[in-house]
Every structure is written in structure tokens, then in C-alpha cells.
Amino acid sequence: MAADSSDTEALHESTTSLTLFSPSKINLFLRILRKRDDGYHDLASLFQAISFGDTLELQLLQNDDENNDNTSAVTADEFTCNMPGVPIDSSNLVLRAIQLMRTKTGHTSSYFRANLIKQVPAQAGLGGGSANAATAMWGVNELLGKPATLEQMVEWSAELGSDITFFLSRGTAYCTGRGEIMEPISPPLPSGSTKLCIVKPNIGLSTPSVFRALDYDKLSTLDADNDLLPFFLQSQGRMDQVPDEYFVNDLEFPAFQCLPQLAALKQELLQIPGFDHVLMSGSGTSIFCLGQPNDRQAFIEQIVNQPRPAPATPEEESTTITSVQVFFTEFLSRPEGQWYQAPSTS
């Protein structure tokens, strides 16, 4: 599934292109604290990068200095993606990240060709699009000769979206505010310290719809700063040492209200021998299972290959889980000054 690590961050001979791995994330806990006056919510969450991700191929486009009439001058970025449904216009986060870096660094005549090879599905709660944007920011900075510091990119990333800031950490971070206020955990939880699998139904949920279904009386009472965070950090990556009640996601209940079959899927996963903890990630609809099933083939047969009922009416198509994908992965971190690398498949 994952590319060889030697291919994940390779500067080519011309030093005008590189290939970067773009990870995804899970929320080991996610507390919703309050609704703000601007309509957003304050949250507190421990984010962890995982090795299930995408690949971004990035090339700095060169203008021909000998071209005097400017008829072939490069004046726009180019973007392609293998996954149907991903926008390829200026609304795409990769293109927005490139534009942001171009503006902030003053390299206003530098343009890029980006090819995004996606595996991470949308509306999964895995931050795939946010990771793509952070990866693009890092790549553009490398190809331009590192005009920006990491601290500057962290600050600028908040202009694009809440989760993008996290991926500029080293892989583990405590995020507050809308998610854009990042406290990096140093050292991060080590790569490979925890195995897990991601279970993704064929249907998604939009984050706004989940927040609209939020019932404030159903929120956890555990304190993120004093109860949850210390326990996870003391575990040093041993997630089996963390009590199950500390795996809290305040968005699970509203997501299950929007999609009752998602609650049934979680209950099904809780019965699988070998999993230490099972929790929805972010606003869903992915569910992560920490650990490994005792019988992987039986797990695949039960969760992936078993026939699931078709929707009875066209109206039920958007709320009926008819298929499920499973991705086996692990915790991921990155060395200081380097980008994330996908683990070797060997």
C-alpha cells in the first residue's frame, strides 16, 4: 500500500522537482469545549499522524530566460489528481497552499506543476486534504530554497484551514482553538509504536452536518488538559496502557445520530478480538481500531467481504453503508528538519 521510503522524499537531478509523502491523522481524543461567538467551536484534541496517506509530486516550472516575447511564459500553476471528484480548480487546497507560499515568500513569478496521487478518502475524519496542503507548503519552500522558516509556515497555514497546522508538527500535537493552535509534542510518539487499522464506510458526513447535530448535554466531562493529555503522553506510544474511557470523541454521538449505521459498525468492530480501542476519528466517518485483529483473514471476511443490505429507496442511498474499506497502518513521526516518509513495504 505504502511507497518505499526511498521514494517518498526524492530530490531529482535538476533540483526543481520532488516527491513527498502526505500522511493522514487520527484524533486520539477530541473534546468540544464551547461554541464561539464566530460560530466555530473551541476544541481540544491530541492529533497523531499515521502512515496511510497520499503522494504529492511537485515540480517548479521554469520560464525560458531566452524567451523575449513572453509568448510561452509560465503564468499559472498546473494540477492533476487521480481520484475522481477531487476539485482541480483554484478551490483545491494544494493550489491554495502553493498560492499562499508564493504570496508570503514574495516569489510571485514562481509557478508549479502538482500531481496528487490520492488514497485517503474525503469526508473520512483523517485530514487528507489538510495534509496535502501542508505537504505542498513544505515542498514549495524546499524548491524555492527555503525562504520561509517552519514557524512562519505554521503561522501562515492557519489561513487555509484548521487541521493544516498540525501536519507541520513532527507527528504528535495537542491542538486547541479551532484546531489551528498547535502545541507540538516533543518527542512525538514514535513511528511504528502502534499498529492500527482504519475502517472507512462508502459514505461520508460533512463536518458542518455533524456539528449541527451536536448535543451539548452529551459532551464528555473529562478535562483535556488535566485528565486526558497526561495519560496519553505517559503511555509513550503504548496505547494498550491507556484506559478505554480516555478515548473520547465528542463528535461520535452526533455523527451516529446522523448515520445510525455507523454506530452499528463500531459495535461490530468492538467484537473483533485483538483490538485494544475503537473510536471514530474527527467528524467521521472513519473508525480507527488500535491493535491488530487476531485473525486478519476472518476480520476481512466479516467486515469487508460480507454482503451488506442495499438501500430500500433512492432517498436512503446517502445514509446506507453498502461497503467498507480497511487500511492497515501505524503511527508516524518525522525527524527534525525532514518531511514524513512512508514506511517500507518490506
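Treat the numbers as computed from the prediction; the structure is a model and nothing was measured.

**Considerations on the confidence of the model for the protein**
For the protein, the mean per-residue pLDDT works out to 92, and 93% of the residues sit at or above 70. Here residues 1-14 is a poorly scored stretch, pLDDT under 50, and it has 38 contacts once near neighbours within four places are set aside; other chains count.

**Quick notes on the packing of aromatic side chains**
Within this structure, the stated rule accounts for eleven aromatic pairs. For the pair Phe-166 and Phe-167, a centre-to-centre distance of 4.9 Å together with 65° between the ring planes defines the contact as edge-to-face. Like Phe-167, Phe-166 is buried. Centre to centre, the rings of Phe-299 and Phe-328 are 6.2 Å apart; their planes meet at 70°, and the pair counts as edge-to-face. On the criterion of sequence distance, the pair formed by Phe-299 in helix H8 (residues 296-305) and Phe-328 in strand E11 (residues 324-330) is long-range, its members being 29 residues apart. One cation-aromatic arrangement involves Arg-296 over Phe-328; the distance from NZ or CZ to the ring centre is 3.7 Å. Between the NZ or CZ atom of Arg-334 and the centre of the ring of Tyr-340, over which it lies, the distance is 5.8 Å.

**Details of the environment of Asn-141**
Position of Asn-141 among the secondary structure elements: in helix H2 (residues 128-143). When the C-alpha positions of Asn-141 and Gly-106 are compared, they lie 12 Å apart, and in sequence the two are 35 residues distant. Look past the residues within four positions of Asn-141 in its chain and what remains in contact with it is Met-101, Lys-146, Pro-147, Ala-148 and Met-153.

**So, the sheet that holds strand E10 (residues 287-291)**
Two pairing modes exist for strands in a sheet, parallel and antiparallel, and in both the strands are linked by backbone hydrogen bonds. The four strands are arranged E9-E10-E8-E11 in an open sheet whose pairing can be described as antiparallel. Only two strands of the sheet have a single partner each, and these edge strands are strand E9 (275-280) and E11. For this sheet, the mean inter-axis angle between neighbouring strands, taken without regard to orientation, is 20°. Bridge count for strand E8 (residues 195-201) against E11 is seven bridges, and the pairing is antiparallel. Note on E11: the bridge partner recorded for Pro-201 is Val-324. In the packing of helix H7 (residues 260-270) onto the sheet, contacts are made with E8, E9, E10 and E11, and the angle to E9 comes to roughly 170°.

**Concerning unusual backbone geometry**
In this structure, the amide linkage connecting Ser-186 to the following residue, Pro-187, adopts the cis form with an omega of -5°. Looking at where Pro-187 falls in the secondary structure, it is placed in the loop between strand E7 (181-184) and E8. In this structure, Thr-285 follows Gly-284 across a cis peptide bond, with omega equal to 15°. Mapped onto the secondary structure, Thr-285 falls in the loop between E9 and E10. The backbone of Lys-146 sits at a positive phi, close to 60°, despite the residue not being glycine. As for its position among the elements, Lys-146 is in the loop between H2 and helix H3 (150-157).

How each quantity is defined
Residues numbered from 1 in each chain as written. Predicted model: local features only at pLDDT ≥ 70, side-chain atom pairs only at ≥ 80, totals over all residues. Heavy atoms only, no water. pLDDT = per-residue confidence, 0-100. Contact = heavy atoms within 4.5 Å. Phe/Tyr/Trp six-rings, centres within 6.5 Å; stacked < 30°, edge-to-face > 60°. Buried < 20%, exposed > 50% of the residue type's maximum accessible area, 1.4 Å probe, protein only. Helix = DSSP H or I, 4+ residues; strand = E, 2+ residues; numbered from the N terminus. Lys NZ or Arg CZ within 6 Å of the ring centre and 35° of its normal. Pairing = 2+ DSSP bridges. Axes fitted to C-alpha atoms, helices over the stretch in contact; angles between N-to-C directions.

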